[in-house]
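# Close look at the chain arrangement
Below are the chains, spelled out letter by letter.
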Amino acid sequence: MSEAQIAIVVACIGLIGAIVAAVAAIASARMASRATLRQPVTQAEATHAQWLMQQRQASYEEFISSWEQWISAISHWTDDEIPLLRELDIPAMEDASRQLTTRAVRIAALGPDCVAVPSHKLARSAALFTAAKREARTAVAEHRDNGVALNLSRHRQLSDAAGPWNSRQELYREFLAAVRHTLVSPSVPMTEEVSVR
């Protein structure tokens, strides 16, 4: 091989090396620019996730507080003691029940469903139970004051719809388990089911 041919081969190898280096530099620059462009999106997603977790935690705390207020308002009630209807603070029960409903709606907006569903069921059960006790008190008052026959059928219908006390306790345990799971695992899918057991 002559010196001219060797020079041409060396020049071609150098040219190929330069082309490969240029392509690698362009690819590297593109990847770096994509990463730079993606960084604000990633930061925004992280900020949103943190905000959402804070909102969820606050709404769960508010719901639990309203539940405890409602439980406190019904603490004198037993199904066997109609006279205790006079001791029930129906307005406090109604206020706590309304708060539960409002907070359950907020929880439904913030998610996930595994927390929203039991909170809605608890709020509905509390509203029905409260309405049942209001109806019973009204029936007892009409019976006492006007001699009207004691009719507790509407009270019984609402009480049946509210469900037995142990079902509310089970729902509350389900709600708390879902809350714990959501707060410990922030990336909970919006429809994930959480088992109480």
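The preceding data block contains the structure.
Let me begin by describing the structure that accompanies this report. (Residues numbered from 1 in each chain as written. Predicted model: local features only at pLDDT ≥ 70, side-chain atom pairs only at ≥ 80, totals over all residues. Heavy atoms only, no water.)

## Topic: the overall build of the chain
Scanning the chain for helices and strands turns up 5 helices and 0 strands. Within the chain, residue pairs in contact and separated by at least 24 positions form 73% of the contacts whose partners lie at least 6 positions apart. Carbon and sulfur atoms provide 59% of the accessible area of the chain, an area that totals close to 12,300 Å². (Helix = DSSP H or I, 4+ residues; strand = E, 2+ residues; numbered from the N terminus. Contact = heavy atoms within 4.5 Å. Areas by Shrake-Rupley, 256 points an atom, 1.4 Å probe, with all protein chains shown as cover.)

## Some points on the packing of helix 2 (residues 90–110) against helix 3 (residues 113–146)
Here helix 2 crosses helix 3 at 160°, and the two axes come no closer than 9 Å. Looking at the two axes, helix 2 sits roughly antiparallel to helix 3. Here the hand of the crossing between helix 2 and helix 3 comes out left-handed. Mapping the contact onto sequence places Ile90, Met93, Glu94, Ser97, Leu100, Thr101, Ala104, Ile107 and Ala108 in helix 2 and Val115, Ala116, Ser119, His120, Ala123, Ala126, Ala127, Phe129, Thr130, Lys133, Arg134 and Arg137 in helix 3. (Axes fitted to C-alpha atoms, helices over the stretch in contact; angles between N-to-C directions. Parallel < 35°, antiparallel > 145°, perpendicular 65-115°, else oblique. Left-handed = near helix turned anticlockwise from the far one by under 90°.)

## Some points on a nonpolar patch on the surface
Where nonpolar side chains cluster on the molecular surface, the patch consists of Leu15, Ile19 and Val23 and spans about 290 Å² of accessible area. Secondary-structure assignment places Leu15 in helix 1 (residues 3–73). Residue class for Leu15 comes out exposed when judged on its relative accessible area of 51%. (Patch = residues over 30% accessible without salt bridge, like charges linked within 9 Å, V, L, I, M, F, W, Y side chains within 5 Å. Salt bridge = Lys/Arg side-chain N within 4 Å of Asp/Glu carboxyl O. Buried < 20%, exposed > 50% of the residue type's maximum accessible area, 1.4 Å probe, protein only.)

## Quick notes on the packing of aromatic side chains
Evaluation of the coordinates by the stated rule reveals 6 aromatic pairs. When the centroid spacing of 4.8 Å and the interplanar angle of 45° are considered together, the rings of Phe63 and Phe175 count as tilted. One end of the pair, Phe63, is in helix 1; the other, Phe175, is in helix 5 (residues 165–184), and 112 residues separate them in sequence. A relative accessible area of 0% places Phe63 in the buried class. You can call Phe175 buried: its relative accessible area is 0%. Taken together through their ring pairs, the aromatic side chains of Tyr60, Phe63, Trp67, Trp70, Phe129, Tyr172 and Phe175 make up a single cluster. Across from the ring centre of Phe129, 4.5 Å away, lies the NZ or CZ of Lys133, which sits over that ring. (Phe/Tyr/Trp six-rings, centres within 6.5 Å; stacked < 30°, edge-to-face > 60°. Lys NZ or Arg CZ within 6 Å of the ring centre and 35° of its normal.)

## A look at the nonpolar core
General note: in soluble globular proteins, nonpolar side chains tend to be found buried as a group. Counting 30 residues, the largest nonpolar core has Trp70, Met93, Val115 and Phe175 as the members making the most contacts within it. Sorting the residues of this core by element identifies helix 1, helix 2, helix 3, helix 4 (153–162) and helix 5 as the ones contributing at least two each. Per-element accounting of this core gives the leading share, 10 residues, to helix 3. The residues touching Met93, leaving out its near neighbours within four places in the chain, are Trp70, Ala73, Ile74, Leu88, Phe129, Thr130 and Lys133. (Core = buried A, V, L, I, M, F, W, Y, C linked by side-chain atoms within 4.5 Å.)

## Considering the pattern of salt bridges
Any two side chains of opposite charge can pair if their charged atoms end up close together. Scanning the model with the defined rule gives 3 salt bridges in all. The residue Arg106 makes a salt bridge to Glu62 at a minimum N-O spacing of 3.3 Å. Here Arg106 is found in helix 2, whereas its partner Glu62 is found in helix 1, with 44 residues between them in sequence. Note on Arg106: relative accessible area 28%, which makes it partly exposed.

## Concerning the side chain of Ser125
One can find Ser125 in helix 3. The exposure class of Ser125 is buried, given its relative accessible area of 5%. Setting aside residues up to four positions removed in sequence, Ser125 forms contacts with Ala162 and Arg168.

## Let's talk about unusual backbone geometry
Negative phi values dominate among residues other than glycine, just as trans dominates among peptide bonds. Here Gly111 and Pro112 are connected by a cis peptide whose omega angle stands at -10°. Positionally, Pro112 belongs in the loop between helix 2 and helix 3.

## Focus on the environment of Arg137
Structurally, Arg137 can be placed in helix 3. In this structure the C-alpha to C-alpha distance between Arg137 and Leu152, which are 15 residues apart in sequence, comes to 9.3 Å.

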